[in-house]
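One-letter residues, chain by chain:
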Amino acid sequence: MTTETIAETPVNSDVLPADSAGSDAPLPFDERALLAHYVLRDFEQAVANVEQQLREAEPAPDAQADSPPTEEELNALADERMALARDIVTGAWLNRNNPQWDPTQPETHRPDPNDPLLAILQSVLEPAAN
């Protein structure tokens, strides 16, 4: 997919900047925003897929148990499962060029320091400069 093809692909958004709400001028094309949109979409889809696989791998709740899990306990388990899915996907994406990476051995985690994805993640985690 070329930059021209990406530029021609519309991105559905319900949010318009305040200054463009009443003007007829087209919004400037922001290639970085479009790239971020696609990266985040793919990341969230990967996390959803991993979370579903984790959920399917969990044993079914024991119907014979004295007390079934409460909604609060089920929500806590779902939050833990989602956090694990995010960690798995993040680790896999950051180590995609690391053939020695083994998710069961944290010492093998070595993302490429020049990886643009790592730079994006670091910029998101760092506080914005004033």
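A.B. asks: Which parts of the structure should I look at to understand the pattern of salt bridges?
C.D. replies: Side chains carrying opposite charge are able to pair once their charged atoms draw close together. One pass over the structure, following the stated rule, counts six salt bridges. With a shortest N-O distance of 2.9 Å, Arg86 and Glu44 are connected by a salt bridge. Linking Arg86 in helix α3 (residues 71-94) with Glu44 in helix α2 (residues 31-57), this pair joins segments that are 42 residues apart in sequence. Arg86 gets classed as partly exposed once you look at its relative accessible area, which sits at 31%. Accessibility expressed as a relative area gives 35% for Glu44, which makes it partly exposed. Here Asp115 makes a salt bridge to Arg96, at a shortest N to O gap of 2.9 Å. Placement of Asp115 in the loop between α3 and α4 (116-125) and of Arg96 in the loop between α3 and α4 is noted, with a sequence separation of 19 residues between them. Assessed through its relative accessible area of 4%, Asp115 is described here as buried. Taken together, the shared-partner salt bridges connect Glu51, Arg55, Glu58 and Arg81 into one network.

Calculation rules
Residues numbered from 1 in each chain as written. Predicted model: local features only at pLDDT ≥ 70, side-chain atom pairs only at ≥ 80, totals over all residues. Heavy atoms only, no water. Salt bridge = Lys/Arg side-chain N within 4 Å of Asp/Glu carboxyl O. Helix = DSSP H or I, 4+ residues; strand = E, 2+ residues; numbered from the N terminus. Buried < 20%, exposed > 50% of the residue type's maximum accessible area, 1.4 Å probe, protein only.

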